[in-house]
Amino acid sequence: GTLLKPYLESLPFLPNHDEFEPVKDSLRKLNIDLDEISKYSSSTVFPDEVPDEEEQARSDVEIIEIADNDESAGDGGAKSSLETQMSTPFKSSTRDGKYQVILQRRLKNLRSLVSHENVNVRKTVLHQLTSLVKENKRLFKKLVDSEESASTRFLTVVKAQPSNVANKNNIRSTTLPSPAANSSGGISILIQTLLDRCAKETDEDVKLALSQTLGEIGAIDPNKLSVEKTNKSNETDTSTDQNNDLHWRLSQPPWNSSMELYSLRLLSNRLVVALKAALTTQDQDKVGHSIQEVLRHLSGKSVSLPTSQTASVTTPTSTEKAPTEISQELKDKLTECDVLTVIEPFLSTSFRQNSITHVSQPPFFTKDKSYHRWISSWSRFLIEKSCKNESSRWKSMFAALNSAVRVEVGLSVAEFLLPLLILDVACFGEDDDLAAIINEIRLVFDVSSPNKSSSDHWSVVCADDHRRAVNTVFMVLETLEYWTEKEIEKKYLKRSSSGRRSSASSASSFADSSRGVSWPVDEGIERIQNISSQITLQMRADAAIKVGAHARALKYLELDARLRVVDFVYNPPDEELESMDDFSKGTRLGNTLAPIPAENLGKMQMLLGKLDDVDGMCSMSMYDASSYDGSLVEQIFQKEVIGDWAGALQGYEQAIILHEAEVGDEMGRGSAAMDIVDDDDSDYTIDHADNMGETVVKNMRSKQLLEKGLLRSLLHLGQLESVLNQVGGMMNRKEESEVELSIERRFCGVKEYLPNAVEAAWRLQKWPLLTELLEKQDQIEEENLKKGNLKKHRSEEGMDPESKFQIGVGRAMLGLHEMKKEKVKIALDKTRIGLMEDMSNVARESYSRSLDVLLKFHCLHEIEQSTEILCKKDKTGFLETSQSCGKDGWDWSGRLSNLGRGDSDGIITVRLALAKLANAKALEGDLWLTAAKRARKSHHFHIAEPALSRSLAAYSIAGENFNDDTSKVMLQIAKVKHVQKKTSDALMIIEPRSADRILSGSDKREVQKLKKDHYLDSLEDFENRTLCATRWMVESNLKFGAGIVKRFKQIVNICKTSEKTNFYFARYCDGLVESRIASMIAGDYDKKTSKGRELTEELEECSTEDDKRVQIMKRDPECHRYINFALKYYGIALAHGDKHMYQALPRMLTMWFEVTSIPVSVEESQLSRSRGKKQVHYSKRQTTEKTYTSDVDRVWAECITSVTKMMSAHGRSIPEHIFYSALPQLISRIAHPHADTQTTTVKILKKVLVAYPRQAMWGLAWLRYSHSSTRKSYGEEIFREAASTLRRTTDNDHASNLLMESIVLFKMLKSIADNDRVSQGKTFALSPLRFNSNSKITLQDFVPPVQAALSMNVTQRMNRSEKQKRQKGVVAEVFPQYVPRMESFSEKGTVFNTKAKPKKITAYAVGQRRGRRGGEGRVGEIH
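Residues numbered from 1 in each chain as written. Predicted model: local features only at pLDDT ≥ 70, side-chain atom pairs only at ≥ 80, totals over all residues. Heavy atoms only, no water.

## What to know about the packing of aromatic side chains
- Taken as a whole and assessed by the stated rule, the structure comprises 29 aromatic pairs.
- Ring centres of Phe1048 and Tyr1068 lie 5.8 Å apart, and the angle between their planes is 35°; on these two criteria the pair is classed as tilted. Of this pair, Phe1048 sits in helix H48 (residues 1042-1054) while Tyr1068 is found in helix H49 (residues 1059-1081), placing the two residues 20 residues apart along the sequence.
- A residue is classified by how much of its surface remains accessible, and Tyr1068, at 15% relative accessible area, is buried.
- Through successive ring pairs, a cluster of aromatic residues spans Phe1048, Phe1065, Tyr1068, Phe1125 and Tyr1129.
- Its end group placed over the ring of Tyr1085, Lys1087 keeps NZ or CZ at 5.6 Å from the ring centre.
- Looking at Arg1264, its charged tip hangs above the ring of Phe1279, at a distance of 4.4 Å from the centre. (Phe/Tyr/Trp six-rings, centres within 6.5 Å; stacked < 30°, edge-to-face > 60°. Helix = DSSP H or I, 4+ residues; strand = E, 2+ residues; numbered from the N terminus. Buried < 20%, exposed > 50% of the residue type's maximum accessible area, 1.4 Å probe, protein only. Lys NZ or Arg CZ within 6 Å of the ring centre and 35° of its normal.)

## What about the side chain of Lys708?
- Structurally, Lys708 is set in helix H30 (residues 695-716).
- On the accessibility criterion, Lys708 (12% relative accessible area) is buried.
- Within the structure, Lys708 has its side chain in polar contact with the side chain of Asp800 (distance 2.9 Å).
- Contact partners of Lys708, with chain neighbours within four places excluded, come to Glu752, Tyr753, Asn756, Asp800 and Ser803. (Polar contact = N/O pair within 3.5 Å; in protein donor to acceptor, adjacent residues only side chain to side chain. Contact = heavy atoms within 4.5 Å.)

## What about the pairing of strand E12 (residues 1399-1405)?
- When you tally the buried positions in E12, you get 6 out of 7 residues, the bulk of the element.
- Sheet analysis places strand E10 (residues 1382-1385) next to E12, joined by 3 bridges and oriented antiparallel. When the sheet's bridge partners are listed, Phe1385 is paired in E12 with Ala1403.
- Taken together, the 2 bridges between strand E11 (residues 1388-1391) and E12 define a ladder with antiparallel strand orientation. Bridge pairing links Thr1390 to Lys1400 in E12. (Pairing = 2+ DSSP bridges.)

## A few points about the environment of Glu430
- Mapped onto the elements, Glu430 comes out in the loop between helix H18 (411-428) and helix H19 (431-445).
- Considering only alpha carbons, one finds Glu430 and Lys385, 45 residues apart in sequence, at a separation of 9.2 Å.

## Some remarks on the pattern of salt bridges
- In total, this model carries 57 salt bridges according to the counting rule given.
- Across the pair Arg1121 and Glu1118 runs a salt bridge whose closest N-O atoms are separated by 3.4 Å. Placement of both Arg1121 and Glu1118 in helix H52 (residues 1117-1135) is noted, with a separation of 3 residues, approximately one turn of the helix.
- Residue Arg1121 is classed as partly exposed on the basis of its relative accessible area of 33%.
- Relative accessible area serves as the criterion here: at 28%, Glu1118 is assigned to the partly exposed category.
- Of the charged contacts in the structure, one is a salt bridge between Arg1194 and Asp1191, with a shortest N-O distance of 3.8 Å. Pair noted here: Arg1194 and Asp1191 are both in helix H54 (residues 1191-1213), with a separation of 3 residues, about one helical turn.
- By relative accessible area, which is 56% here, Asp1191 ends up exposed.
- Several salt bridges converge on common partners, so that one network encompasses Asp1070, Glu1074, Arg1109, Arg1147 and Glu1154. (Salt bridge = Lys/Arg side-chain N within 4 Å of Asp/Glu carboxyl O.)

Take a look at the structure:
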């Protein structure tokens, strides 16, 4: 057990079953408790009080223990170098730091199984992942909050070297790191893995589990994560890709590779996976037959070539063929790939295929109803064509894989082979075969084929299936074109060696004997270019738009525009002089953008809007305005993207009026006057559905799209009654045309309007109307099922994601109203499955593109959470459960805080409906208030005002216990009034007459007496109101100067411990100093007085602005007064919190250093000096008596003394972590000319080093090697006294020894930097580090000098208990808990090829061993 402990610690979970209890007990004896984190989350009560010293010490011990366990796990191979380990801070009050590490490890273990080949394993893992996040939502939230610091993207990472084309033996070589090797944090990697699974998953049960997991995790602001794009260039395969097969294939064009290499790759990465995933004996036999034939091929035996399409595989008998013998070299390679034990039984099998005479012929896309049947039929047809052709180079490999492509588990084999099959048939087949390939691609892409009937193939193929088909064809084309581009590039780069064909490159030694004639390069390139020329970029862009691949569509449109320029330059037209202006630089946007055809400008504008590129979308409307006039529809779309729903509503109303007016003219002309686009996946694209030639139907469809947009605008504006009235009129309207429409067309209008009406009904809680609307939706689905267009479980197919969500939530809300759990569950599961089809598409692009669907999963999960309470008659506890972050709580506020301002509207809308169902008026008021705040900050006041009114009404019904919340609503109302330039009204609301009496009294007892007043509910509310009113007074010039200062003093006297009040007062005084100096420099002062005349004379003698500033600061008493105020209250604010740390501290230090650097002129009466001799003096302490040369110097010296005493007190009261944020600024002024300033600065730096020795030592270490003797002596003093302090105040000498031994590490780094004997580009040897053995210090004890490890992770929003902790100097989680640790340095370093000769050394992370196979040893670099 002890030997297996590192591996047992990697167990993802054990089911909660009685039979597993003995196993769990045995693991607990090895200190492995898989239920430990669950017990902690379910039993721990999180206290608000500050922990005592004993509890804090116990927490530290736990943290150190878990860090040690992580290292041992790393030694066992269970951890990667980029899985950062938890630091062991000397001061930490967190009680759950240990459990965050455990949760991180558990998530990692489960994440590794999300893409398992077995369906049941994937489903079980996702359920366990969902339960883990649910039970530990508080810890998970902490991991999300620290995600940016937990990631290692600031650490230079050395990844595996790109595979060398000449090295064909390494079939495991890869050009890109695995997903675990990226620089993201743990949560980012988890989400990226789930999105990648969404794009590939085909099993519906697993899809449902994926949607539930994503809903439990919730939508997270992309700015909080480091999720990279999940679909980069040429990464479009939807198959299982555990070892970067697609990148390997891109580096292996057939003319530079061999059939044996591809066979090995398919065997180890595709066939073995398919065999494990096969659930039936028949599927296992078919995959096993392919494995058997591939092994025969690799061993040099012949493979039977099918003469007709195979139908079945017969299980072998004991009397059949002898076992296949393979070479030792091949056996070693299979062992290296870790598949020998799996495929070894197939060396002795003798599967054989039965044949049939019928062979399917192209086209296949119009005949097969599923993606698998389509690609399987096409692949089998291509294999047959290849096997029949004597010239085919790789037909034996294709024949061996013929049975695997027939089964669904072998889908990845067909996708991997498809580019090779197409190229083989194109090069060696007949012209008719090439024409069939091109026609098949066109059928997949051509979504507006004129030959299709009313029941076109898009209605036959399921939405998800046709998206996969289009993406697969994209993958094929891009792979073929990538091979061509690289080969052409190589040819032009190696003109000197043009006689040597690239196809003659060597392959693996065991493959050379059977390679035969090389693949024809020139013919292959020519055929690929022929295919590409017939599949135009415009056709690809239109297909990408149809399936929602917006980024790819935009790329193709831009490439098409650039191709036009290239064609014009190299093939200029004979008689198109006018078109030359289109290609001149002067007419291009920014002189760089290629001229875009007018017909594509609208598409590009729509695509940029879909990709949230608002600036690019707006620029399209300005592009070549002389030839392009954006339509009204495109202007509306632009307003929708930027969130201007009021403008969009006006645009829709105008467009509908214009459309109705133009339809009459169109009926006479016979042509459409207004082109309104139609798409099931997006609002505005090319009209691919209405090609029936029926003018009336087209006009109906155009008008329906406009009306649908109008309804959507009304919903966003909250005008729900208007939505219902509009829908009622639209659905009952009789069309004037007598054209007989099909059932699908008759229900078309109802289908477009129903989802918006359904949402308005459940938001208004109109249950009879909602029931009626949903019954109509059921009728539509039944009619579709009768026609056979849709499968039963996909009855909502054809709707856009928003419509699916609206209908699904409506059904779930109706179920909650009727208190029927089963009805709610069915509605939620059906909606999730429908949304997963859209998720599988957007997940291929990026996390940002997936956010909209993730928000819907988020909402559905919260509906599911509330089912248990809302389906009871007694709905008490709804408010408390929604706010709780315990195991059974929902933590609504925490989940909402993960989102940005503009992404939470839909979530708040759903929560409001749930709160109304629970009759939780207080929660309803909170939600309306939250919605109003977000709308106000987005300047949507037409939404904020009604939301505030509803919030106020909800709180009024809730009772007197929520008067504090009522006051918050009044504050928001006042803020809206102020932004609308109604400052007087805002001040009347925010500050009643009683506030003047409170301020003049300056007594807290007056505040308590007025508690019952509705305008004043708490001290905090009083502070917020008065500060807000004060700011508005300043902005409106109602008060200024001394009046505002007096008002601030009164507020500070009442709210003495408020960080916010002290900060705003200090900032105002700081602003007064700067504005006063600027005005006096400009001559705005009384020049008639004696002081004014003296100041004028001094300013005239000054040559620079800085000199004038110094004279004004010394001579103006008002500046002295405001400087003291600013420094005093900046310090008090920092002592009470760190919310404004980055604003207050740098400014306070700058003012302090500037004031004390201005010299004072004195006369010293000493016997050694003659009387009257002047000396410039910096207030240094001396025994001699000082006589100032003028009253100005005397007053200024008093000001400096006051400032010095004040900053000395601030140095003692301000917490260490706040000073750490300004460490470079403090270090830069350690040799300040003022002696007392030097002393205070050194004390502050000692204080910081004692508190955070591991982090602060990196910034302070270089003082010890400074060329300045003063700075060097201070550096030695700081380290020496900090080590002494740590030795006295802590029981453990480890921290003290770390500081003393740090000189060994820094001396080594300095010696490397000073080494100029090594030439540029050369390497040099590194001496090993030798720490004092008695100190027990190793390199692992040092935090690496990277931004991820040395940057503070201070939470900006703290609750009251955390504020109290920080006031008492106990600060939790100041630095990230997960940081990389160094284990050793490389034996050699490198000198860069620059004049300064910078050096690079490599630091290996803990838990890694140098030279690990497969390039998994990832290390960091230090320059």
